[in-house]
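# Coordinate inspection notes
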Amino acid sequence: MFYTRRRGRCRPRRNAVRLTAWSTSGDVPGFRMIRPCIAVWLLLAASAAAQTTGAISGRIVDAQSSKPVGGATVVAASPSMPGEENARTDAEGEFEIGLLPPGVYTLNVQAEAHQSFTQDGLAVHAGRTIRVYLSIDPEKVTGAPFRFIQEPPVLPVTSAQTGAVISREQLELVPYGRDERSFEPAAASAPGVLPRPLGLEILGSPASGTRYRIDGVDVTDPASNRQGRRLVQQFIQEVNVDGAALGASYGRVAGGVVQAITRSGGNELHGSAFLDWMPIELPRRTLRYNLAGGAELGGPLARDSLWFYGGFAPVLMATRSGVQTEYQYIGKLTLRPAQGQLLSFAAISDDFSLHYLGDLLDRTAQVEAVTGWHRQGSDADSLQARVQVAHLAELLGRHRFAWGAEGVRDSAGNSSRWYGGAFAEDTWSPVQNLFLDGGVRLERDELVGKTDFLPRVGVAWDFSGRGVSRAYAFVGRFFESPELASQRRTREHQLAAGVQSQIFRDVVAGLDYVHKDFRDAPDGRTSYDGATLSLAKPFSASSLLQASYTLSSLQGSGAVAADAPNVIKLDAAYAYEWDAKTTATLGTSLRVIEGSPWQATMDVRAGVVRALTNPYVLTVTADVLNLFDRERGGTPPLAGRFSARLSF
């Protein structure tokens, strides 16, 4: 991506790589007749996944009287979504627009006897709802009163759920991954996430309790509970880490969820060709090099109606013992047959899925459904179906009631099992800025032969009253889904609490605490207590920052090898506009982890982005991996990697 600085900010140029996604406007003749058939079919067959879309909610008031403005029309638009989505405020000035693909949105507000108002720069991420508080001037006001400029909110203040989002800009600026630039190494930048030989551990839970998903499809290996599908970062729009305080919609998990949201097509053609090469690893004990290259392309087949996105990337790793080659590919078709209706078909390295988003029953029900097939090697697979439906209502306050069901059939060799789950939860706001979330989940795992009852309750309070802060608490129960070779699974009781606030513009400071009790953990761990102090700033004004310090204690029967009492993480980047066509970038990732022994690693990326003949942009980067060259604790030695990408 090429960056340019305007008034102290760093923004994409027009010839930068354009990120586009699904749309929810327009119509196709005859579709109204088949909507009920599509809805019924998807309610019967849909994926075991977290949400792949986000939402914007908020309140509109009169700028002079501070009274709520009812009946106002709120329109959401984004370069990531051809077309628009809209909602109307109720008598209390409240509104919510859901099923929004990840991207940066602009809200336009229009109301009778009031001047129109626009708020831009609202970043929406998968599985998260941001809340805005906007005031509009009466029509009779000729000169708008002086107001302090408010930065757009970046916190999901309506729930207790915690986690992190690694944006596409962060993936490009900060080096993540060594042998392969896949999506899961980026998840280790989130507070409380630690890479282990068996996978990622999230907030003290065993690695077997972490689920991996791509666009809502669970790609965890059913035979081992490890990550089962990798995908190069060039195909990724963002990476989401859902950690503590997960609601009742999350199943088969005792730890957290790592999800990659892939890129999509849109109304403008965009693409790139790229190459990653790691020729240097010191000290060189064996001949070794890693090589990955490929291309991706997205755009319209029919403007505002049908989009495509595709990519192909051979990934090669060579040593004296042989060469390992993996061919990764992605293909997506996105159809918008009518306003508020989206269908997406995807094939990602032998995984296939059908995704539906839509407003049904006269826009009173928001439906997200996925059906998918994950193929693991030659003898293991997972067939998945999931649906989630949300309704808005008013009774002693505002309610968002959600319910859903899912079914999974896993198989590996001669082993197989059926899993089924259903949930219901209600997010109730009895008074302004207070959100109570209560839900229950029922799960049945054929391999275990038990039906589990999993209650979860959370509360969040926006003490700023502006959508830029929250204090929260949560208590809940979780079960992981065991690997097919074993019936042993970890049971987890969780208590979480914390406070977060935007202390300056989009800089968020937080203090979070998590307590967990475990039963039947594979390594004998029995409890975890962790407190995290964090500071985060998404990419804006030419820079990004993500820093955290976690103090924790992991208890068990004897010493637990996974215990890491002190963990320091720092991810930062800066983009400097050298001239009108050239931008220099610098990014770093630092990890200091107390263990046996201590581990300290630092990766650095330096890059140059050059605008060529419009619309082509050339990006060249050089990474130094494990700059300290410390190999204690099994850390790979010093290495160098070079990357190049030509995009338009």
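Just so it is clear, the model here is predicted, and its values are computed rather than measured.

### Let's talk about the pattern of salt bridges
Summed over the entire model, instances satisfying the criterion amount to 32 salt bridges. In this structure, Arg 386 and Glu 406 form a salt bridge, with 3.5 Å as the shortest nitrogen-oxygen distance. Taken together, the residues span a long stretch of sequence, with Arg 386 in strand β24 (residues 380-394) and Glu 406 in strand β25 (residues 398-412) at a distance of 20 residues. With respect to burial, Arg 386 and Glu 406 carry one shared label: buried. Across the pair Glu 443 and Arg 441 runs a salt bridge whose closest N-O atoms are separated by 2.9 Å. A single burial state applies to Glu 443 and to Arg 441, both of which are buried.

### Overview of a nonpolar patch on the surface
A grouping of Trp 461, Phe 463, Val 499, Leu 511, Leu 533, Tyr 549, Leu 551 and Ile 568 is seen on the molecular surface, where their side chains present a nonpolar patch of about 730 Å² in accessible area. Residue position: Leu 551 is located in strand β33 (residues 543-556).

### Structural notes on the nonpolar core
Membership of the largest hydrophobic core comes to 59 residues, with the highest contact counts inside it found for Phe 183, Phe 235, Val 239 and Val 258. Listed in part, the 21 residues of the second largest apolar core include Val 74, Leu 122, Val 132 and Leu 134.

### Examining the side chain of Arg 489
Positionally, Arg 489 belongs in the loop between β29 (469-479) and β30 (491-504). What makes Arg 489 buried here is its relative accessible area of 8%. At 2.8 Å, the side chain of Arg 489 forms a polar contact with the side chain of Asp 452. Leaving out residues up to four positions away in the same chain, Arg 489 has contacts with Val 448, Lys 450, Asp 452, Phe 479, Glu 480, Pro 482, Arg 519 and Asp 520.

### What about the sheet that holds strand β6 (residues 94-100)?
The strands making up a sheet associate through backbone hydrogen bonding, with each pair oriented either parallel or antiparallel. Pairing is mixed across the open sheet formed by 3 strands, whose spatial order is β6-β3-β9. For this open sheet the edge positions go to β6 and β9 (129-136), each flanked by a neighbour on one side alone. Across the sheet, the mean angle separating the axes of adjacent strands is 20° when strand polarity is ignored.

### Some points on the pairing of strand β34 (residues 566-577)
In the sheet, β33 pairs with β34 via 9 bridges, with the strands oriented antiparallel. Bridged to Leu 544 within β34 is Ala 573. Bridge count between β34 and strand β35 (residues 582-593): 11 bridges; the pairing is antiparallel. Pairing of Tyr 576 across the sheet is with Ala 584, part of β35. Counted along the chain from β34 to the antiparallel partner β35, the turn is 4 residues long.

### Here's the deal with the side chain of Glu 201
The residue Glu 201 is located in strand β12 (residues 199-202) in this model. At a separation of 3.1 Å, a polar atom in the side chain of Glu 201 contacts the side chain of Arg 525. Setting aside chain neighbours within four positions, we find Glu 201 in contact with Gly 192, Val 193, Leu 194, Arg 196, Pro 206, Ala 207, Arg 525 and Ala 562.

### Things to note about the environment of Asp 218
Along the chain, Asp 218 turns up in strand β14 (residues 217-218). Asp 218 sits in the buried class, given a relative accessible area of 2%. Spatially, the C-alpha atom of Asp 218 lies 9.4 Å from that of Leu 383, the residues being 165 residues apart in sequence. A distance of 3.0 Å separates the side chain of Asp 218 from the side chain of Arg 211, its partner in a polar contact.

### Overview of unusual backbone geometry
Following Asn 614, the chain continues to Pro 615 via a peptide bond in cis, the omega torsion being 10°. Summarising the element assignment, Pro 615 is placed in the loop between β36 (599-611) and β37 (617-625). Residues other than glycine seldom take positive phi values, yet Leu 361 does so here, at roughly 55°. Here Leu 361 lies in the loop between β22 (351-360) and β23 (365-376). With a phi angle near 75°, Ser 542 is a residue other than glycine that sits in the positive phi range.

### Digging into the environment of Ala 497
Relative to the elements of secondary structure, Ala 497 occurs in strand β30. Taking the C-alpha atoms as reference points, Ala 497 and Phe 474, 23 residues apart in sequence, are found 6.3 Å from one another. When neighbours within four sequence positions are excluded, Ala 497 is seen to be in contact with Tyr 472, Ala 473, Leu 511, Asp 512 and Tyr 513.

### Some thoughts on the sheet that holds strand β10 (residues 163-167)
An order of β10-β15-β16-β13-β14 is seen for the 5 strands of this open sheet, with the pairing classed as mixed. Single-partner strands in this sheet number two, and they are β10 and β14. Relative to strand β16 (residues 256-262), strand β15 (residues 236-242) is paired through 6 bridges, and the arrangement is antiparallel. Pairing of Val 241 across the sheet is with Val 258, part of β16.

What counts as what
- Residues numbered from 1 in each chain as written.
- Predicted model: local features only at pLDDT ≥ 70, side-chain atom pairs only at ≥ 80, totals over all residues.
- Heavy atoms only, no water.
- Salt bridge = Lys/Arg side-chain N within 4 Å of Asp/Glu carboxyl O.
- Helix = DSSP H or I, 4+ residues; strand = E, 2+ residues; numbered from the N terminus.
- Buried < 20%, exposed > 50% of the residue type's maximum accessible area, 1.4 Å probe, protein only.
- Patch = residues over 30% accessible without salt bridge, like charges linked within 9 Å, V, L, I, M, F, W, Y side chains within 5 Å.
- Areas by Shrake-Rupley, 256 points an atom, 1.4 Å probe, with all protein chains shown as cover.
- Core = buried A, V, L, I, M, F, W, Y, C linked by side-chain atoms within 4.5 Å.
- Polar contact = N/O pair within 3.5 Å; in protein donor to acceptor, adjacent residues only side chain to side chain.
- Contact = heavy atoms within 4.5 Å.
- Pairing = 2+ DSSP bridges.
- Axes fitted to C-alpha atoms, helices over the stretch in contact; angles between N-to-C directions.

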